Amino acid sequence: MTHLIRSCTSTILIDQPPLHSRTHPPEGYINDPFDRNSTHTSPTSSLNLLSSLHLPPGTCSQSFAHSRSFQLSSSRRPASPSEAPVTMSYAIHVRVIQTNPSNWFNIVEKTNWHYANGGTWADCDGDHTLTMGGSGTSGMLRFKNAAGDYLLVALGIHNYKRWCDIVTDAKSSDTGVVINPTYYADGSGSRGEMLWKQLANLEKTTSKGVKVKVDYYKEDGNTLYATITIS
């Protein structure tokens, strides 16, 4: 494309590349996905970056990839007012620790509450990962030993902070499907106060002397880590 520039004494012809050829990055250019000023994203560079990351011990690569993908996409330019806000999801990675093999508790049920777009459970390398669509929901793990003793652990996010609870000496009919809704119910039998306590640590003991402890050792942000210790 040729442009004319007129001065007081002469006319100058300047050759410039066509406009469309100047709106694309040069051949072989790969944007840094962490560059906040970048408006282009290379899927190849994102995948290569992800494959070079060292995953934390016991972290499921699939769930880690999902969380990294969210961080990559959220690190671009700020959204304009016309763009829809991004819904913040949460993930709680749970590791169960048991110190008494002769009184072993197996996980027999996992539940999710349906608020905040619900959630899912996933297993990977001994981790039980609860992924939730946003703040305001939770999930439960139900345990049973060979003697027929039951206990339940609730984990979730309320008002953008973690919370937990432990239900000991549960009956066989106290399933996660029955107990999980009680944290969001009113009146008799409601456990809603535990959401507002937003505890990062909690320990209870069953009538038979079994100690159950929940400990969030990474308790802030959108990716949290917790242990459940049964001893």
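Within each chain, residue numbers correspond to sequence positions counted from 1 in written order. Local features in this predicted model are restricted to residues of pLDDT 70 or higher, and side-chain atom pairs are both shown and tallied only at a pLDDT of 80 or more, whereas totals for entire chains, interfaces and linings draw on every residue. Derived side-chain values reflect all non-hydrogen atoms in the structure, with water molecules and hydrogen atoms excluded from consideration.

An unreviewed UniProt entry lists the chain under the name Lectin, with Ceratodon purpureus as the source organism.

(A) Seen up close, the environment of Leu224. With respect to the helices and strands, the residue Leu224 is situated in strand 12 (residues 223-230). With a relative accessible area of 1%, Leu224 lands in the buried category. Put simply, Leu224 and Ala91 are 133 residues apart on the chain and 6.1 Å apart in space, counted from C-alpha to C-alpha. What counts as a helix is a DSSP run of H or I of at least four residues, what counts as a strand is a run of E of at least two, and both are numbered from the N terminus. Between buried and exposed lies partly exposed: a residue is buried under 20% and exposed over 50% of the maximum accessible area for its type, with that area taken using a 1.4 Å probe on protein chains only.

(B) Spotlight on the pairing of strand 3 (residues 90-98). Sheet analysis places strand 3 next to strand 6 (residues 127-132), joined by 6 bridges and oriented antiparallel. Bridging from a neighbouring strand, Val94 pairs with His128 of strand 6. Two strands pair if DSSP finds at least two bridges between them. Where strand 3 meets strand 12, 8 bridges bridge the pair, whose relative direction is parallel. Its bridge partner being in strand 12, His93 is matched across the sheet by Tyr225.

(C) A look at the sheet that holds strand 7 (residues 137-145). With antiparallel pairing, the 4 strands of this open sheet are ordered in space as 4-7-8-9. The sheet is open, and its two edges are formed by strand 4 (105-112) and strand 9 (161-170), each paired on a single side. Between one strand and the next, the sheet's axes are offset by a mean angle of 20°, whatever the strand orientation. In this sheet, strand 7 lies alongside strand 4 in antiparallel orientation, the contact comprising 7 bridges. Of the residues in strand 7, the one forming a bridge with Phe105 is Asn145. Axis geometry follows a simple rule: fit a line to the C-alpha atoms, using only the stretch in contact for helices, then measure angles between N-to-C directions, giving values from 0 to 180 degrees.

(D) Seen up close, the pattern of salt bridges. Between Lys or Arg on one side and Asp or Glu on the other, a salt bridge is scored when a side-chain nitrogen of the former is within 4 Å of a carboxyl oxygen of the latter. Enumeration over the complete set of coordinates arrives at 6 salt bridges. A salt bridge links Asp165 to Lys204; the nearest nitrogen and oxygen atoms lie 3.4 Å apart. Highlighted residues: Asp165 in strand 9 and Lys204 in strand 10 (residues 201-205), separated in sequence by 39 residues. Assessed through its relative accessible area of 4%, Asp165 is described here as buried.

(E) Up close: the pairing of strand 6. In terms of burial, strand 6 is largely enclosed, as 5 of its 6 residues are buried. Note that strand 5 (residues 119-124) and strand 6 share 6 bridges and pair antiparallel. Across the sheet, residue Gly119 finds its bridge partner in strand 6, namely Met132. Where strand 5 folds back on strand 6, the antiparallel hairpin that results is connected by 2 residues, among which Asp125 adopts a positive phi of roughly 55°.

(F) Molecular detail of the sheet that holds strand 5. Reading across the sheet, the 6 strands line up as 5-6-3-12-11-10 and stay open at both edges, with mixed pairing between neighbours. Two strands lie at the open edges of the sheet, namely strand 5 and strand 10, each paired on one side alone. Averaged over all neighbouring strand pairs, the angle between strand axes comes to 20°, with direction disregarded. Pairing of strand 10 with strand 11 (residues 211-218) involves 5 bridges; the strand directions are antiparallel.

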